[in-house]
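Residue-level structure breakdown
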Amino acid sequence: MRRKIIITTLALMFLITAVIYAEEATIIGDNLNVRSGPGTEYDVIHQVNTDETYTILEQSEEWIKIDLNDGEGWVHNDFIEVSESSTDEPSIDRATQEEATNEEKTNVSENTYSKQKDSEYPYSLTGKVIVLDPGHGGRDVGAIGVSTNVESDYTLKTANVLKRMLEEHGATVVLTRDTDRYVPLTSRSSLSNMQNADVFMSIHYNSTPEHPSARGIGTYYYNERDQLLASYVQEGLIGYTGFRDRGIHQESLQVLRINHRPGLLLELGFISNEEEEREVGTHAFLDAASRGIVQGLYRYFAH
Ligand SMILES: [Zn+2]
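This report concerns the structure included in the present document. Computed from a predicted structure; not experimentally measured.

Some remarks on the coordination of the zinc ion
Protein coordination of the zinc ion is provided by His136 (NE2), Glu151 (OE) and His204 (ND1), with donor distances spanning 2.1 Å. Every donor residue of the zinc ion comes from the same chain, spaced as H-x14-E-x52-H. With Glu151 in helix H5 (residues 151-168) and His204 in strand S10 (residues 199-206), the pair connects residues that are 53 residues apart, well separated along the chain. Overall, Glu151 belongs to the buried group, its relative accessible area being 4%.

Side note on the packing of aromatic side chains
Applying the stated criterion across every chain, the model contains 3 aromatic pairs. Here the aromatic rings of Tyr300 and Phe301 are separated by 5.2 Å at their centres, their planes lie at 55°, and the arrangement is tilted. In this structure, Lys128 is placed above the aromatic ring of Phe301, and the distance from its NZ or CZ to the ring centre is 4.5 Å.

Things to note about unusual backbone geometry
One non-glycine residue, Thr148, adopts positive backbone phi at about 80°. Its location among the elements puts Thr148 in the loop between strand S8 (129-134) and H5. For Thr148, a relative accessible area of 58% corresponds to the exposed category. Despite not being glycine, Asn196 has its phi angle at roughly 50°, a positive value. Tracing the backbone through its elements, the reader meets Asn196 in the loop between helix H6 (185-194) and S10.

Comments concerning the nonpolar core
Leu166, Met201, Phe285 and Leu297 are the most contacted members of the largest nonpolar core, which has 39 residues in total. For this core, the secondary-structure elements that each account for two or more residues are S8, H5, strand S9 (172-175), S10, strand S11 (217-221), helix H7 (227-241), strand S13 (263-270) and helix H10 (283-302). Once residues within four sequence positions are removed from consideration, Phe285 is found in contact with Tyr205, Ile217, Thr241, Phe243, Leu268, Glu279 and Val280. Counting 15 residues, the second largest nonpolar core, distinct from the first, contains Leu32, Phe79, Tyr240 and Ala288.

A few points about the pattern of salt bridges
For the structure on display, the rule yields 8 salt bridges. Residue Lys65 pairs with Glu72 through a salt bridge whose shortest N-O separation is 3.0 Å. Its relative accessible area of 15% is what places Lys65 among the buried residues. Residue classification places Glu72 among the partly exposed residues on the basis of a relative accessible area of 44%. A salt bridge links Asp226 to Arg225; the shortest N-O distance between them is 3.0 Å. One salt-bridge network, in which partners are shared between bridges, spans Glu58, Lys65 and Glu72.

Brief notes about H5
With 18 residues, H5 extends 26 Å between its outermost C-alpha atoms, agreeing within 8% with the 26 Å of an ideal straight helix rising 1.5 Å per residue. Turning to H5, its buried residues are Glu151, Ser152, Tyr154, Thr155, Leu156, Thr158, Ala159, Val161, Leu162, Met165 and Leu166. Buried residues belonging to H5 abut S8, S9, S10, S13, helix H9 (274-280) and H10.

Description of the environment of Gly37
Within the secondary structure, Gly37 is located in the loop between strand S2 (32-35) and strand S3 (44-48). On the basis of relative accessible area, Gly37 is assigned to the buried category, the value being 2%. Sequence separation between Gly37 and Lys65 is 28 residues; the distance between their C-alpha atoms is 8.3 Å. Among all residues touching Gly37, those that are not within four sequence positions of it are Tyr42, Trp63 and Trp74.

Section: the pairing of strand S6 (residues 72-76)
The buried fraction of S6 is high, at 4 of 5 residues. Bridging between strand S5 (residues 63-67) and S6 involves 5 bridges; their strand directions are antiparallel. Bridging from a neighbouring strand, Asp67 pairs with Glu72 of S6.

The rules behind the values
Residues numbered from 1 in each chain as written. Predicted model: local features only at pLDDT ≥ 70, side-chain atom pairs only at ≥ 80, totals over all residues. Heavy atoms only, no water. Donors = N, O, S within 2.8 Å, 3.2 Å for Na, K, Ca; no water. Helix = DSSP H or I, 4+ residues; strand = E, 2+ residues; numbered from the N terminus. Buried < 20%, exposed > 50% of the residue type's maximum accessible area, 1.4 Å probe, protein only. Phe/Tyr/Trp six-rings, centres within 6.5 Å; stacked < 30°, edge-to-face > 60°. Lys NZ or Arg CZ within 6 Å of the ring centre and 35° of its normal. Core = buried A, V, L, I, M, F, W, Y, C linked by side-chain atoms within 4.5 Å. Contact = heavy atoms within 4.5 Å. Salt bridge = Lys/Arg side-chain N within 4 Å of Asp/Glu carboxyl O. Expected span 1.5 Å × (residues − 1). Pairing = 2+ DSSP bridges.

Structure follows, in structure tokens:
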């Protein structure tokens, strides 16, 4: 009788171990938000970073529940790579494994892992033409922030960081302006048409001085066909920045309306909100926002 119990217990333990460590999620992306539920409407409870691995607990459509060791949370499946765990060792041991000797580092499974990563995520936007439009400029300063810094400076700074990142991923990037000068809306759209842009993105920051607590990122599109592009870029932006999700909206904006190319207008945060203005001025934010946009474009071009 006792033997039977022991065997059953062992079998159960084996089963639990096998189930728990069956699949691991490797994070792709820095400062990626972990949420309390499967969707961007849930609270951000934690952040994770590139190459960290977590045990997968369950999946709900595009969201994966991961074990955070001292809790659990949900990440979007675009930002993880799933791998079968070949051992029963918890993911926490990976750091120790990586500190092992060089000989061990060149073992087969490590090589397979990095190859898999490269082939599953072919990080290249080679051949894609992206036209970036830093909103406003010159005599048109756009909105004025709490700090008295102006929107046209924020948009130019953002476009420059985003341009560099897109180029690192192989894209050809054309800016509608690269200095503080006035450019009419029609010229911005014409450039997009002339360059036959694969994607046109107009960059803006929001302002509602009458509601100083308003915050968050929203994405606008005009053509029905650009709705998917808008969702992907918005999801990338929210996933990487952790900003409030103001969603995507179809609106008749001139810079998009007279543009024949796939296009978006991004409102990347509220400079009428003191805290948010401070944040959007940091390199950490611009880097996160750019990564989010790049991620969104990958999804768009892959679909
Ligand atoms: Zn604007």
